[in-house]
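Architecture at a glance
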Amino acid sequence: MLKRSLWAPLALLAILLSAAVAHAEAPNEADGTLTYDLSTIEIVSTRQAGQTLFINVTIEGQIKGTLSGDIDEAYTVVHHAKALFNTYRGVLDFEGTVTDADGVEHEGSLRLLTRGRQDPGLPVPSDNPWHMSWVIVEGSDGLENVQGHGTGTLIGDELVYTGIVHFAGH
């Protein structure tokens, strides 16, 4: 009897989860470009720790493609002087539209986590490409149920991105 009472909640949970998955759309490919507005770049702070330099930055920009709108990004570049490469981690706030698999635009805001690497890396902007990844961690308004992730390459002030977006529970 005890075994049966333990399995009942798990069976109910499995049924509920499978129903939620059945109503979700298939992921669709995402691609486009993000252009940073270099006139808005602000170096918030720098800190040296041995041969490692930490640079905290904010910047604004425009994104076009599957995601279309304005972005504000805050990130930290870590310059590894001895090894001559850079890494970064950031938070990108997006305001605009995302196009679903049927071509319908949904409006709202998203928060994405970004990270990347530049090799070789310099402590100043250069034409060496950055290779990055992104993941959507939060949405609101018409983008509340959007999920997605992908990659990109940044050269100069333009990032070309690819990935997938998914309107869960839509």
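Residues numbered from 1 in each chain as written. Predicted model: local features only at pLDDT ≥ 70, side-chain atom pairs only at ≥ 80, totals over all residues. Heavy atoms only, no water.

A few points about a negative patch on the surface
- Judged by side-chain charge, Asp37, Glu60, Asp70, Asp72, Glu95, Glu105, Glu107, Asp141, Glu144, Asp157 and Glu158 come together as a negatively charged surface patch.
- Listing elements by their share of the negative patch, those giving two or more residues are strand E3 (67-80) and strand E5 (105-118).
- Note that aspartate 157 resides in the loop between strand E7 (146-155) and strand E8 (158-167).
- Owing to a relative accessible area of 31%, aspartate 157 belongs among the partly exposed residues under this scheme. (Patch = residues over 30% accessible without salt bridge, like charges linked within 9 Å, V, L, I, M, F, W, Y side chains within 5 Å. Areas by Shrake-Rupley, 256 points an atom, 1.4 Å probe, with all protein chains shown as cover. Salt bridge = Lys/Arg side-chain N within 4 Å of Asp/Glu carboxyl O. Lys, Arg positive; Asp, Glu negative; His and termini not counted. Charge placed at Lys NZ, Arg CZ, Asp CG, Glu CD. Helix = DSSP H or I, 4+ residues; strand = E, 2+ residues; numbered from the N terminus. Buried < 20%, exposed > 50% of the residue type's maximum accessible area, 1.4 Å probe, protein only.)

Regarding the nonpolar core
- Counting 29 residues, the largest nonpolar core has Leu67, Phe94, Val98 and Leu110 as its most contacted members.
- At the level of secondary structure, the elements contributing two or more residues to this core comprise strand E1 (28-49), strand E2 (52-65), E3, strand E4 (85-99), E5, strand E6 (130-141), E7 and E8.
- In terms of residues, this core owes the most to one element, E2, which gives five residues.
- When near neighbours in sequence (up to four residues on either side) are disregarded, leucine 110 contacts Leu67, Leu92, Asp93, Phe94, Val98, Ile136, Glu138, Gly139, Leu143 and Val146. (Core = buried A, V, L, I, M, F, W, Y, C linked by side-chain atoms within 4.5 Å. Contact = heavy atoms within 4.5 Å.)

Quick look at the confidence of the model for the protein chain
- For the protein chain, the average pLDDT comes to 86, and 84% of its residues sit at 70 or higher.
- Counting interchain partners and residues more than four positions distant, the pLDDT-below-50 stretch residues 15-22 has zero contacts. (pLDDT = per-residue confidence, 0-100.)

Thoughts on the packing of aromatic side chains
- Applying the stated rule across the entire model yields three aromatic pairs.
- When the ring of tyrosine 75 is compared with that of tyrosine 88, the centres are 5.7 Å apart and the planes differ by 70°; the resulting orientation is edge-to-face. A residue pair is termed long-range when its members are at least 10 positions apart, and tyrosine 75 in strand E3 and tyrosine 88 in strand E4 qualify at 13 residues.
- Residue classification places tyrosine 75 among the buried positions, given a relative accessible area of 17%.
- Taking 6.3 Å as the distance between ring centres and 85° as the angle between the ring planes, the aromatic pair formed by tryptophan 134 and tyrosine 161 counts as edge-to-face. (Phe/Tyr/Trp six-rings, centres within 6.5 Å; stacked < 30°, edge-to-face > 60°.)

Here we look at the side chain of histidine 106
- Within the secondary structure layout, histidine 106 lies in strand E5.
- For histidine 106, a relative accessible area of 13% puts it in the buried group.
- Within polar-contact distance, the side chain of histidine 106 engages the side chain of aspartate 100 at 2.8 Å. (Polar contact = N/O pair within 3.5 Å; in protein donor to acceptor, adjacent residues only side chain to side chain.)

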